[in-house]
Amino acid sequence: MKIVVTGGAGFIGSNLAKHFEDLGYEVLVIDCFNSGERFSNGNFKAFGDYRNLLDFSGEIYCGDICDIKTLEKIADFAPHAIFHEAAISDTTVSEQDAIMRTNINAFVDIMNLAKKLGSKLVYASSGAVYGDAPSPQSIWASEKPKNAYGFSKFMMDKIASNHCATNPSAHVVGLRYFNVYGKSEYFKGKTASMVLQFGLQMLKSGKARLFEGSDKICRDFVYICDIVAANEAALKAKSGVYNAATGKARSFESIVDILAEVLNINVKKEYIPNPFIGAYQFHTQADLGKNANLEFLAKWSLEAGIADYADEIKEIFKKEQNA
Ligand SMILES: NC(=O)c1ccc[n+]([C@@H]2O[C@H](COP(=O)([O-])OP(=O)(O)OC[C@H]3O[C@@H](n4cnc5c(N)ncnc54)[C@H](O)[C@@H]3O)[C@@H](O)[C@H]2O)c1
């Protein structure tokens, strides 16, 4: 089995690349890697980092998914399946042209390429398509994107759905990841999960900075191992769009409480005003009722996921201290 992972030097993509390599698949990673360039919000334009691939032995191609040469590279490799993770993943980017070009145009090209090659396509959509729609958020019922990123992912889902309606033999599965946390997210900087950010704050100072009202700000937090399992299940699923989440909403405050226990820190909580009000998701919880055709159920509770992740957080902290 030959697979391509676009965005394979990023958080989720590198976990997928290594998982499928461990299963014995031949894996080609496509990523543009971090060039050091930044968007106007100060964050890097791309978070791909070679250090996420230190244990990977497959092929790596540095290329932009918007570039025809990158598509030709994928075509030459002739994959059985493409896992499409490459995207502008930062929800706070305001350059709409770059978001639409990278997240929509390149996706359409990759979907058409998958059709030509007869490859299965599994792509990353997002819980951001739901904006602040009431919980539980349901496929084709609750979409209300609040930013350009969420809009781009919603468009990908609509385009994929139309594509499958007119190409019944296509295998195209969209997974709407909710808030993913776990190993290899460090190079996302400020856009890494709050599990990592709170963990590092607490190890450095014994303090955690939360937005006011964080006991009531809840998200469906999903551990990276579950997201990898959802992608594997997508290879056998019926074409369609599915929520990739736990179906449970947990507060940001509970992340800090779990970390305090796991890291054994007597944490001091500091509350700051939320600067993102207006474009913020206050409560997400996936409706899993429409997931019957995807053989996936999240296994990791927030407690178990954070406990499993804690050693990596401590390791990152030590490296930062010694840098
Ligand atoms: N992490 C989450 O909580 C989450 C939630 C919902 C959806 N998603 C989606 O999952 C996918 C993976 O997210 P992630 O958290 O691993 O983010 P990430 O930023 O770590 O991974 C995206 C990768 O794509 C690469 N990339 C960006 N633009 C590219 C381009 N033009 N050409 C080639 N490569 C390019 C980046 O270098 C990066 O390695 C993304 O599509 C993201 O939108 C993530």
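Preceding block: the structure.
My aim in this report is to walk through the structure given alongside it, one point at a time.

About the cut-offs
- Residues numbered from 1 in each chain as written.
- Predicted model: local features only at pLDDT ≥ 70, side-chain atom pairs only at ≥ 80, totals over all residues.
- Heavy atoms only, no water.
- Helix = DSSP H or I, 4+ residues; strand = E, 2+ residues; numbered from the N terminus.
- Contact = heavy atoms within 4.5 Å.
- Expected span 1.5 Å × (residues − 1).
- Buried < 20%, exposed > 50% of the residue type's maximum accessible area, 1.4 Å probe, protein only.
- Near = heavy atom within 4 Å.
- Polar contact = N/O pair within 3.5 Å; in protein donor to acceptor, adjacent residues only side chain to side chain.
- Areas by Shrake-Rupley, 256 points an atom, 1.4 Å probe, with all protein chains shown as cover.
- Nonpolar A, V, L, I, M, F, W, Y, C, P; charged D, E, K, R; others polar.
- Salt bridge = Lys/Arg side-chain N within 4 Å of Asp/Glu carboxyl O.
- Axes fitted to C-alpha atoms, helices over the stretch in contact; angles between N-to-C directions.
- Parallel < 35°, antiparallel > 145°, perpendicular 65-115°, else oblique.
- Left-handed = near helix turned anticlockwise from the far one by under 90°.
- Patch = residues over 30% accessible without salt bridge, like charges linked within 9 Å, V, L, I, M, F, W, Y side chains within 5 Å.
- Lys, Arg positive; Asp, Glu negative; His and termini not counted.
- Charge placed at Lys NZ, Arg CZ, Asp CG, Glu CD.

Side note on the overall build of the protein
- When you go through the protein residue by residue, the secondary structure sums to eight helices and 13 strands.
- The principal-axis extent of the C-alpha atoms belonging to the protein is close to 55 × 45 × 40 Å.
- Sequence separation of at least 24 residues holds for 79% of the intrachain contacts in the protein that already meet a minimum separation of 6.

Observations regarding helix α5 (residues 194-205)
- For α5, with 12 residues, the first-to-last C-alpha span of 16 Å sits near the 16 Å given by 1.5 Å per residue.
- The complete set of buried residues in α5 reads Val-195, Leu-196, Phe-198, Gly-199, Leu-200, Gln-201 and Met-202.
- Contact partners of the buried residues in α5: β7 (179-181), β8 (207-211), α7 (252-263) and α8 (302-322).
- Backbone geometry just downstream of α5 places Gly-206 in the positive-phi region, at approximately 75°.

Considering the site of the ligand
- Taken together, 28 residues lie around the ligand, and Ile-12, Asp-31, Ser-89, Tyr-149 and Lys-188 are the ones closest in.
- Between the ligand and Val-180, the relevant distance is 3.0 Å, taken from an oxygen atom to a main-chain nitrogen or oxygen of the residue.
- The fraction of the free accessible surface of the ligand (810 Å²) that becomes covered by protein chains is 95%.
- Contributions of two or more residues to the shell around the ligand are made by α1 (11-22), β5 (120-126), α4 (148-166) and β7.
- Sort the elements by how many residues they give to the shell around the ligand and β5 lands first, with three residues.
- For the shell around the ligand, the per-class residue count stands at 14 nonpolar, nine polar and five charged.

Structural notes on the pattern of salt bridges
- With the rule as written, the count across this model stands at 16 salt bridges.
- The closest approach of N and O atoms between Lys-73 and Glu-59, which form a salt bridge, is 2.6 Å. Remark: Glu-59 occurs in strand β3 (residues 59-62) and Lys-73 occurs in helix α2 (residues 68-77); sequence separation between them is 14 residues.
- Taking relative accessible area as the criterion, Glu-59 reaches 33% and is therefore assigned partly exposed.

Quick look at the packing of α5 against α8
- Remark: α5 packs on α8, axes separated minimally by 10 Å, with the N-to-C direction vectors making an angle of 55°. Overall, the two elements α5 and α8 adopt an arrangement that is oblique. Where α5 crosses over α8, the handedness of that crossing is right-handed. Counting all contacts with α5, which are made through Val-195, Leu-196, Gly-199, Leu-200, Leu-203 and Lys-204, the residues of α8 involved are Ile-306, Tyr-309, Ile-313, Lys-314, Ile-316, Phe-317, Glu-320 and Gln-321.
- Considered class by class, the residues forming the contact of α5 with α8 number nine nonpolar, two polar and three charged.

Comments concerning a negative patch on the surface
- Residues Asp-64, Asp-67, Glu-72 and Asp-76 make up a contiguous surface patch of negative charge.
- Take Asp-64: it is sitting in the loop between β3 and α2.

Some remarks on the side chain of Ser-193
- Examined against the element boundaries, Ser-193 turns out to sit in the loop between β7 and α5.
- With residues up to four places along the chain from it excluded, the contact list for Ser-193 reads Val-180, Tyr-181 and Glu-185.

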